[in-house]
Amino acid sequence: WRGSDEMWSAATWWDPIGTDEFGRDLLATAIAAAGLSFAKGCLLTVLVIVVGIVVAEAMTLARSSVVSSVVSIVARVLESVPAVFWVVAVVVVLKESRTLVAAVAFVLIVVPSASTVVAGELQRLRLRPFVESAYLLGVAEWRVLVRHIIPHSRSVLVPFAIQVLGGAIAIDGAIGVL
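Nothing here was measured: the structure is a model prediction, and the numbers come from that model.

J.: I'm lost on the pattern of salt bridges in this one. Help?
T.: As a working rule, side chains carrying opposite charge can pair if their charged atoms are close by. Under the definition given, this model contains 3 salt bridges. Here Arg124 ties to Glu121 by a salt bridge, and the two come within 2.7 Å at their closest N and O atoms. Residue Arg124 and its partner Glu121 are both found in helix α4 (residues 98–126); the two are separated by 3 residues, about one turn of the helix. You can call Arg124 partly exposed: its relative accessible area is 39%. Arg126 is the partner of Glu141 in a salt bridge, and the nearest nitrogen-oxygen pair spans 2.7 Å.

J.: Teacher, can you tell me more about the side chain of Ser113 here?
T.: Inspection of the secondary structure assignment puts Ser113 in helix α4. The residues touching Ser113, leaving out its near neighbours within four places in the chain, are Ala75, Glu79 and Phe160.

J.: Would you explain helix α6 (residues 141–152) in this entry?
T.: Taking 1.5 Å per residue, 12 residues should reach 16 Å; α6 reaches 15 Å between its end C-alpha atoms and fits that length. Looking only at α6, the buried set comprises Val144, Leu145 and Ile149. Taken end-on, α6 shows its buried residues confined to a sector of 95 degrees, consistent with a single buried face.

Calculation criteria
Residues numbered from 1 in each chain as written. Predicted model: local features only at pLDDT ≥ 70, side-chain atom pairs only at ≥ 80, totals over all residues. Heavy atoms only, no water. Salt bridge = Lys/Arg side-chain N within 4 Å of Asp/Glu carboxyl O. Helix = DSSP H or I, 4+ residues; strand = E, 2+ residues; numbered from the N terminus. Buried < 20%, exposed > 50% of the residue type's maximum accessible area, 1.4 Å probe, protein only. Contact = heavy atoms within 4.5 Å. Expected span 1.5 Å × (residues − 1). Arc of directions from axis to C-beta.

As structure tokens, then:
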């Protein structure tokens, strides 16, 4: 296969959307960049969900209305401004490793919302008879969480994870534009 070696060439059969200033196929570049953005988005989504579950579990185990109220207020304040703007502001202010700063900022901004959503689901599932039975049998808290609660919270976690994935991909694109 041989594409165009010309810089900034127009679309051809070999280069369907043309080439860039180095003679590289723009379609191949776009496909590779999309895959990389998707992979980064998946990693950030998993990180947000895991940290959100840990924070939500701490909130539900504390059984403190103060902790829940503080996390809820922080989540509302952070949600009042789109996450993209928060992350761009952090990246512009810190000017360090942009990708790492963006990832940390995104996780910190989305975790309060994630933890409130997950905490509500954890509290709902803790009242289910099969979870109460596990507690009565003396099953450890972490085992109940891993074996019973998290698998049954998929109906809430999967749509939320898809929403977070979209935001994570958008964040990667916004940082790329900077």
